[in-house]
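Structural characterization, general
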Amino acid sequence: KDAPKRFMGEHRVMPIVPSRFQYQKFKDLLHFYLMIGIIPVTLIITYVNVFIGPAQLTEIPEGYIPEPHEYYKHPITRFISKHLKTSHQQEYEKHMHWLYEADERAKIGRLTSKVLD
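These notes cover the structure that comes with them. Treat the numbers as computed from the prediction; the structure is a model and nothing was measured.

Here the focus is the overall build of the chain. Check the secondary structure of the chain and you find 3 helices and 0 strands. Along the chain, from the amino end to the carboxyl end, the secondary structure elements read α-α-α. The C-alpha atoms of the chain give a radius of gyration of 34 Å, which is well past the 13 Å a tight globule of 117 residues would have. Overall, the chain is about 110 × 65 × 15 Å in size when its C-alpha atoms are taken along their principal axes. Every one of the 117 residues in the chain was classed for burial, and the buried ones make up 4%. By element, 64% of the accessible surface of the chain is carried by carbon and sulfur atoms, the whole surface being about 11,800 Å².

Here is the structure:
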C-alpha cells in the first residue's frame, strides 16, 4: 500500500484583506441612533393620531381672536406652528427692521461721503 501523502510544501497563505471593523461599527451606530430617533417619533405620532386626532371646526365665541397656530387642523402641525416657527407678523416685522437698517446704513454712507468731499 501507498503511504499517506503529506502536502507540507503547498504554500497556502492567509489572504490579507482590509478590515471591515469600521464599516460594521458605523452600520451598528447608524442603526442604533436611527432607532433612538425613529421609535419615539413613531410612538408620539401614533399616540397623537389615535388619541387626540384632528381638530373639529366650531363656532368662534364672541370677542375671541384666534391665534395663528389655531387655524391648523393637525395637532402636530399646530405644535410646530406655535413653538418652532415664527408667525407671519414676526417675519414681516423682521423684514421691516432689515429695510430700516439698510436705509440707515445708506444715510450714514451718504453723510460720510458728503463730509469727506
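Still more to cover.
Time to look at helix α1 (residues 21-52). Over its 32 residues, α1 extends 46 Å from the first C-alpha to the last, a length consistent with the 46 Å expected when each residue adds 1.5 Å. Where α1 terminates, the next one or two residues include Gly 53, which has phi positive at roughly 80°.

What follows covers the packing of aromatic side chains. This model, assessed by the stated rule, comprises 2 aromatic pairs. Seen in terms of ring centroids, Phe 32 and Tyr 33 are 5.1 Å apart; in terms of plane orientation they differ by 70°. Their pairing is edge-to-face. Taking relative accessible area as the criterion, Phe 32 reaches 45% and is therefore assigned partly exposed. A centroid spacing of 5.1 Å and a plane angle of 40° characterise the contact between Tyr 47 and Phe 51, whose relative ring orientation is tilted. Residue Tyr 47 and its partner Phe 51 are both found in helix α1; the two are separated by 4 residues, about one turn of the helix. Taking relative accessible area as the criterion, Phe 51 reaches 61% and is therefore assigned exposed.

As a further point, take the pattern of salt bridges. Tallied over the entire structure, the rule returns 3 salt bridges. Put simply, Asp 103 and Lys 107 hold a salt bridge, and the shortest N to O gap is 3.5 Å. Separated by 4 residues within a single helix, Asp 103 and Lys 107 lie in helix α3 (residues 88-116), roughly one turn from each other. What makes Asp 103 partly exposed here is its relative accessible area of 35%. One salt bridge in this structure joins Lys 107 and Glu 104, with 3.8 Å as the shortest N-O distance. In this pair, Lys 107 and Glu 104 both sit in helix α3, 3 residues apart, roughly one turn of the helix.

With that out of the way, let us pick up a nonpolar patch on the surface. A grouping of Phe 26, Leu 30, Leu 34 and Ile 38 is seen on the molecular surface, where their side chains present a nonpolar patch of about 380 Å² in accessible area. Note on placement: Phe 26 falls in helix α1.

Topologically, Ser 81 is positioned in helix α2 (residues 75-83). When its relative accessible area of 19% is taken as the criterion, Ser 81 is described as buried. Setting aside residues no more than four positions away along its own chain, Ser 81 makes contact with His 69 and Tyr 72.

The rules we used
Residues numbered from 1 in each chain as written. Predicted model: local features only at pLDDT ≥ 70, side-chain atom pairs only at ≥ 80, totals over all residues. Heavy atoms only, no water. Helix = DSSP H or I, 4+ residues; strand = E, 2+ residues; numbered from the N terminus. Rg over C-alpha atoms; globule rule 2.2 N^0.38 Å. Buried < 20%, exposed > 50% of the residue type's maximum accessible area, 1.4 Å probe, protein only. Areas by Shrake-Rupley, 256 points an atom, 1.4 Å probe, with all protein chains shown as cover. Expected span 1.5 Å × (residues − 1). Phe/Tyr/Trp six-rings, centres within 6.5 Å; stacked < 30°, edge-to-face > 60°. Salt bridge = Lys/Arg side-chain N within 4 Å of Asp/Glu carboxyl O. Patch = residues over 30% accessible without salt bridge, like charges linked within 9 Å, V, L, I, M, F, W, Y side chains within 5 Å. Contact = heavy atoms within 4.5 Å.

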